[in-house]
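Below, each chain spelled out in residue letters.
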Amino acid sequence: MKHSLRFIGLIILSIVFLVACGSKDTATPQTETAGTNTDSNSSEVQDERADWPEKVRFAVTGIEGLEELQRQFGPFKELLEDLTEVEFEFFALSDRVISATAMEYGQVDMILAGPSEYAQIKSASPDAEPLAALERDQYHTVVIVHEDSDMKEVEDLKGKKVAMKDVGSTSGHIGPSAMLLEEGLDLDRDVEIMLLGDARIDAFKNGDVDALATGVRDFAKMVEEDGEGQYRILLEGPPLPQDPFVASGELPESFRTEFARILLEHQDEILEAILFSEDNKKYNTAKIVPITDADYDLMRETYRVLGIEL
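Residues numbered from 1 in each chain as written. Predicted model: local features only at pLDDT ≥ 70, side-chain atom pairs only at ≥ 80, totals over all residues. Heavy atoms only, no water.

Participant: Kindly report on the packing of helix H5 (residues 115–124) against helix H11 (residues 297–306), identifying the contributing residues and their values.
Facilitator: In the contact formed by H5 and H11, the axes pass within 9 Å of each other and the chain directions differ by 75 degrees. Taken together, H5 and H11 sit at an angle that is classed as roughly perpendicular. Contacts from Pro 115, Ser 116, Tyr 118, Ala 119, Gln 120 and Lys 122 in H5 reach Met 299, Arg 300 and Tyr 303 in H11. By residue class, the composition of the contact of H5 with H11 is five nonpolar, two polar and two charged. (Axes fitted to C-alpha atoms, helices over the stretch in contact; angles between N-to-C directions. Helix = DSSP H or I, 4+ residues; strand = E, 2+ residues; numbered from the N terminus. Parallel < 35°, antiparallel > 145°, perpendicular 65-115°, else oblique. Contact = heavy atoms within 4.5 Å. Nonpolar A, V, L, I, M, F, W, Y, C, P; charged D, E, K, R; others polar.)

Participant: Describe the sheet that holds strand S9 (residues 231–239), listing the residues and the values that go with them.
Facilitator: Spatial ordering of the open sheet is given by S7-S6-S8-S5-S9, a layout of five strands whose pairing is mixed. Each of the sheet's edge strands pairs with one partner strand only, and the pair in question is strand S7 (192–195) and S9. Geometrically, the sheet is characterised by an average inter-axis angle of 25 degrees between neighbouring strands, direction not taken into account. Pairing analysis gives four bridges linking strand S6 (residues 161–164) to S7, with the strands arranged parallel. By the bridge assignment for S7, Ala 163 is matched with Met 194. Sheet strands in contact with helix H6 (residues 170–182) are strand S5 (140–146), S6, S7, strand S8 (211–215) and S9, and its direction is about 85 degrees off that of S5. In the packing of helix H8 (residues 216–226) onto the sheet, contacts are made with S5, S8 and S9, and the angle to S8 comes to roughly 115 degrees. (Pairing = 2+ DSSP bridges.)

Participant: Outline the confidence of the model for the chain, supporting the account with residue identities and numerical values.
Facilitator: The predicted structure's coordinates, where accompanied by low pLDDT, should not be read in detail. Per-residue confidence for the chain gives a mean pLDDT of 87, with 85% of residues at or over 70. Counting interchain partners and residues more than four positions distant, the pLDDT-below-50 stretch residues 1–36 has 12 contacts. (pLDDT = per-residue confidence, 0-100.)

Participant: Give me the packing of aromatic side chains: which residues, what numbers.
Facilitator: Two descriptors summarise a pair of aromatic rings, namely the distance from one centre to the other and the angle between the planes of the rings. Applying the stated criterion to the full structure yields nine aromatic pairs. Pairing Phe 204 with Tyr 231 gives two aromatic rings, centres 5.8 Å apart and planes at 45 degrees, and the pair type is tilted. Residue Phe 204 is located in helix H7 (residues 200–205), and its partner Tyr 231 is located in strand S9; the two are separated by 27 residues in the primary sequence. Residue class for Tyr 231 comes out buried when judged on its relative accessible area of 9%. Ring-pair connections join several aromatic residues into one group, and the members of that group are Trp 52, Phe 58, Phe 73, Phe 76, Phe 88, Phe 245, Phe 255 and Phe 259. Positioned above the aromatic ring of Phe 90, the side-chain terminus of Lys 77 is 5.9 Å from the ring centre. Sitting over the face of the ring of Tyr 139, Arg 136 holds its NZ or CZ atom 3.7 Å from the ring centroid. (Phe/Tyr/Trp six-rings, centres within 6.5 Å; stacked < 30°, edge-to-face > 60°. Buried < 20%, exposed > 50% of the residue type's maximum accessible area, 1.4 Å probe, protein only. Lys NZ or Arg CZ within 6 Å of the ring centre and 35° of its normal.)

This is how it looks when you write it as structure tokens:
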């Protein structure tokens, strides 16, 4: 924007100069005032951006390696650079714990995070701020059992083995845990929670566990693979918090405010850029919405009840 404003200013000055040469007597105080206002507006914009960073280091949780990050979010990065006129540089994160540490020690300026990751980031960096969030549909957790299982209600889970993903996963651990706690189950005594990572679905299909607590999209994928009538949902939880764009407190407030405005006002373009990669299809029907820190209290409370330190 600095360059475009400077270019406009040069055009205006050129026009004023030509008019003055053609008719020196026709110059009026009004023309001089207009030029003064233009210079003033340009100065105000420049002053607002005076402390903006030349480069923003940007990361996405759940994606390992710069090459993969570039493949999935390259068009998104280019669009942000056009909209902000600030360079964005990808920063690779290996896991959710590393993301919190990276922001805490000033290695990254902005992260597109999951809800659980945000709770960890905020705990490590109290000045971090959620600017807006990607709200996706069908983002809630379920407990899945086999169709022929004798389990009909939540109470029937007592004494059973329940597979989940891994510690800290929003839809694969924290969300399902919050759902079972809300139903009155004691996760230490009533059920045996087995954190199996990517092996959780196969373990459930093979009968190594009695139930699977996971995101509802896993249920849809299982039905697609194995057909109707194989599995059923025993329990369905409420919508989970959304994926926030988290800004470091080290970024100037004016930049954070402008970036939040851009996310909300240009969301159609931004979502199109994100969906350029098939790997981001979880955002197919997403929208960008305002968000506050309080929207993630459920994550923090579940961590507390589970005895997991943020």
